[in-house]
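# Fold and contact review
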Amino acid sequence: MNLMNEKPMKDWSDKEKVDAVREIFSKITPDYDRMNRIMSARRDVAWRRFLVRRIPRDAQQVLDVATGTGDVALMIARRRPEMRVTGLDFVQEMLDLAIAKTDRANLGDKIEYINGDAMSMPFNDSAFDASTIAFGMRNIPDRLGAIREMARVVKPGGKVLILEMTFPRNLKMRKFFHWYLNRVIPMLGRFIAGNHSAYSYLSDSIQNFIHPDQLTDLFEQAGLLEIKEHPLTMGITYLHEGIVP
């Protein structure tokens, strides 16, 4: 975590960012779900629910990239029981918690978890009907490469869905969000999770993420069709989706 004190996140190399993400998320795993609910006033649940609703109705096999503690995978399994879900993440501590949560929910027959890299996924082309990622794209340095990889493993006609936080377009909301990210979230991280640095990183990662229009451009560069943007909660979160040709 010393890296955060040495230079701004925008100056990190790709390797430094990947190493920092692995270290940060391995340390905050025990408090991760609780902090998500507190920091978003439970809006994160509604955002994930919207994501799940946008998965095609006829999808049978769904991949959740950067699955973390399995919140999206579990929501898919509960709300769309006809689907089977594969959750991929490169932080084993997160996967261990996801597996424990899945076992408690008796959904082990619906969800499989795999330790793997979002940039080089261990799946054949066209293996899934849809691929999703929630709040993980901002942690991947090569966003275009990640979108192309998510599209590679989805069948033609299937869908790629990315849920991510961003700065809202409304100026007043933007000022409030800037204050909240820089003041409130690190404070919550210190007093609730006991990790100020990790939650400072999470705030910085949101502020350094690309504009929604730029993410749409990446969808286009990846060759996706019928691209849609869905602003949620006054635009602090967006769902992007596109169809694989």
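Here goes a summary of the coordinates provided.

About the criteria used
- Residues numbered from 1 in each chain as written.
- Predicted model: local features only at pLDDT ≥ 70, side-chain atom pairs only at ≥ 80, totals over all residues.
- Heavy atoms only, no water.
- Helix = DSSP H or I, 4+ residues; strand = E, 2+ residues; numbered from the N terminus.
- Contact = heavy atoms within 4.5 Å.
- Phe/Tyr/Trp six-rings, centres within 6.5 Å; stacked < 30°, edge-to-face > 60°.
- Buried < 20%, exposed > 50% of the residue type's maximum accessible area, 1.4 Å probe, protein only.
- Pairing = 2+ DSSP bridges.
- Axes fitted to C-alpha atoms, helices over the stretch in contact; angles between N-to-C directions.
- Salt bridge = Lys/Arg side-chain N within 4 Å of Asp/Glu carboxyl O.

Okay, the environment of methionine 173 next. Following the sequence through the fold, methionine 173 ends up in helix α7 (residues 171-193). Taking C-alpha positions, methionine 173 is 37 Å from aspartate 58, a pair spaced 115 residues apart along the chain. Not counting residues within four places of it along the chain, the set of residues in contact with methionine 173 comprises Pro168, Met234 and Ile236.

The next subject is the packing of aromatic side chains. Tallying each qualifying case throughout the model produces four aromatic pairs. Ring centres of phenylalanine 25 and tyrosine 32 lie 5.9 Å apart, and the angle between their planes is 65 degrees; this geometry places the pair in the edge-to-face category. Phenylalanine 25 sits in the buried class, given a relative accessible area of 9%. Their ring planes at 90 degrees and their centres at 5.1 Å tell us that phenylalanine 123 and phenylalanine 128 sit as a pair that is edge-to-face.

Next up on the list: the sheet that holds strand β5 (residues 154-165). Reading across the sheet, the seven strands line up as β3-β2-β1-β4-β5-β7-β6 and stay open at both edges, with mixed pairing between neighbours. At either margin of the open sheet sits one strand with a lone partner, and together these are β3 (111-115) and β6 (225-232). When strand polarity is set aside, the average angle formed by the axes of neighbouring strands in this sheet is 15 degrees. With five bridges connecting them, strand β2 (residues 84-89) and β3 associate as parallel partners. Its bridge partner being in β3, valine 85 is matched across the sheet by isoleucine 111. Of the strands in this sheet, β1 (61-65), β2, β3 and β4 (128-134) touch helix α4 (residues 71-79), which is tilted by about 160 degrees from β3. Helix α6 (residues 143-152) rests against β1, β4 and β5 of the sheet, and its axis sits at about 140 degrees to β5.

Let's shift gears to the pattern of salt bridges. Tallied over the entire structure, the rule returns 16 salt bridges. The partner of glutamate 23 in a salt bridge is lysine 27, with the nearest N and O atoms 3.0 Å apart. Note that glutamate 23 and lysine 27 are positioned in helix α2 (residues 14-39) at a spacing of four residues, about one turn of the helix. Judged by its relative accessible area of 48%, lysine 27 falls in the partly exposed class. Across the pair glutamate 82 and arginine 80 runs a salt bridge whose closest N-O atoms are separated by 3.3 Å. Residue classification places arginine 80 among the buried residues on the basis of a relative accessible area of 12%. Salt bridges linked by common partners bring Asp33, Arg37, Asp44, Arg48, Asp71 and Lys101 together as one network.

With a phi close to 55 degrees, alanine 41 is a non-glycine residue in the positive phi region. For alanine 41, the location among the structural elements is in the loop between α2 and α3 (43-53). Here methionine 234, not a glycine, exhibits a phi torsion of approximately 60 degrees, which is positive. In this structure, methionine 234 sits in the loop between β6 and β7 (237-243).

This is a description of form; function is not addressed.
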